[in-house]
Amino acid sequence: MLSKAQHIDFYAMDENLNIAQMAASGFLMANKGTTVHPAMTMQYLSAAGMQKGHVGFFISRTGENRMLIDIAHLLRLRSVPRLLITSAPSSTLASLADVTFPVATVDTMEKLGPRIFLLGAKYVTDLLFAVLMTRLDFSDAKKKEQWLNGHFHY
């Protein structure tokens, strides 16, 4: 699904946005256009105007975020492929996803539940990035990296 996609639109809230932004920057290096909007209103607008060749990529620990569910419904109506990283594979959002990546979590903050989920979500996005990179010509990726290093200083 990601290999065929021209553009990946991320849908997430709170700390999950950080994972989405890291994944988006990696996927750019794998020749995929990416969009991450911190504002929920912009996420709705992005879903409403989605073009062919896009994939919706959701990150939600509980899988029960009402706004993300609404966006997933919209994408489903428009026949846009949907991926989900969640710790609740039987959640409402998971039922709307074409592909679900279940990630571990624990129930309480004292046990660092959200942090464990974020670590697992980052691992999944890193694996997906690695798979996409194996399908590229290495010299092309190296040229892109050299161009970025020549034009941007970190």
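Everything discussed here concerns the structure shown above.
These numbers were taken from a predicted model, which means no experiment stands behind them. Numbers given to residues run from 1 along each chain, matching the order in which its sequence is written. In view of the model being predicted, local features appear only for residues whose pLDDT reaches at least 70, and side-chain atom pairs are presented and counted only at 80 or more, with totals across whole chains, interfaces and linings using the full set of residues. No hydrogens and no water enter the side-chain calculation; it runs on all heavy atoms of the structure.

Draft legend 1. Expanded view of the side chain of asparagine 16. Helix numbering and strand numbering both begin at the N terminus, where a helix is a DSSP run of H or I of at least 4 residues and a strand a DSSP run of E of at least 2. Tracing the chain through its elements places asparagine 16 in helix α1 (residues 16-29). Partly exposed describes any residue whose relative accessible area lies between the buried limit of under 20% and the exposed limit of over 50%, with all areas from a 1.4 Å probe on protein chains only and scaled to the type maximum. Classification of asparagine 16 as buried rests on a relative accessible area of 10%. We call two residues contacting when some pair of their heavy atoms lies within 4.5 Å. In this structure asparagine 16 touches Ile59, Ser60, Arg61, Phe117 and Leu118, once residues within four positions along its chain are discounted.

Draft legend 2. The arrangement of unusual backbone geometry in detail. In this model, asparagine 31 sits at a positive phi of 65°, which is unusual for a non-glycine residue. When you line up the elements, asparagine 31 lands in the loop between α1 and β2 (33-36). Classification of asparagine 31 by relative accessible area gives partly exposed; the value is 37%. Phi at serine 79 takes a positive value of approximately 60°, unusual for a residue other than glycine. Along the polypeptide, serine 79 turns up in the loop between α3 (66-77) and β4 (82-86). By relative accessible area, which is 63% here, serine 79 ends up exposed.

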